[in-house]
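# Understanding the architecture of this molecule
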Amino acid sequence: MTISTFYNRVVFIASNIGTGSFVVLDPAPGSRTPAQASIPNGTVVSYTAVTVDVNQWECGQGAYSSGSLSRTTIRDSSNNGLVVSFNIAPTVQLDYHAQDIANVQGVAPGDAA
């Protein structure tokens, strides 16, 4: 598994629906887009995407590139862990997941840092 890179306050509204990459439309209020956070193309990040009605959601890992975020690995979702075909453009937050914490080198899960 690829280790994700972390960035603070990166939350954006996607401009698209379906199963494709998330295309960045605008930052969520009080947040930044990946471009505003100066995330380099090809950077692997973890994300959580959720619709405004919270009926559809997806946690995964992908790579940011030129205004879009791929959906390379689906870790969990409202579709039984499979890719979600969003019927409403979701809000996407770059965050970290349990899988990322387990991959931090030098700290075992449950150990004090």
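Before any of the text, the structure's been laid out above.
As the structure is a computational prediction, the values presented were derived from the model and not from experiment.

Judged by nonpolar contacts, the single largest core of 15 residues is most densely connected at F22, Y47, L69, V92 and L94. Going through the elements one at a time, β1 (11–14), β3 (43–50) and β7 (91–95) are the ones with two or more residues in this core. Ranked by residues supplied to this core, first place goes to β3 with three residues. For L69, the contacting residues outside a window of four places in its chain are F12, S21, F22, V45, Y47, G62, A63, Y64, V92 and L94.

This structure, assessed with the given rule, holds two salt bridges. Between R71 and E58 there is a salt bridge, with its nearest N and O atoms 2.7 Å apart. Of this pair, R71 sits in the loop between β5 (68–69) and β6 (73–77) while E58 sits in strand β4 (residues 57–65), and the two are 13 residues apart along the sequence. Judged on exposure class, the residue R71 and its partner E58 are both buried. One salt bridge in this structure joins R75 and D100, with 3.2 Å as the shortest N-O distance. Of this pair, R75 sits in strand β6 while D100 is found in helix α1 (residues 98–102), placing the two residues 25 residues apart along the sequence. Grouping residues by exposure puts R75 and D100 together as buried.

Analysis parameters
- Residues numbered from 1 in each chain as written.
- Predicted model: local features only at pLDDT ≥ 70, side-chain atom pairs only at ≥ 80, totals over all residues.
- Heavy atoms only, no water.
- Core = buried A, V, L, I, M, F, W, Y, C linked by side-chain atoms within 4.5 Å.
- Buried < 20%, exposed > 50% of the residue type's maximum accessible area, 1.4 Å probe, protein only.
- Helix = DSSP H or I, 4+ residues; strand = E, 2+ residues; numbered from the N terminus.
- Contact = heavy atoms within 4.5 Å.
- Salt bridge = Lys/Arg side-chain N within 4 Å of Asp/Glu carboxyl O.

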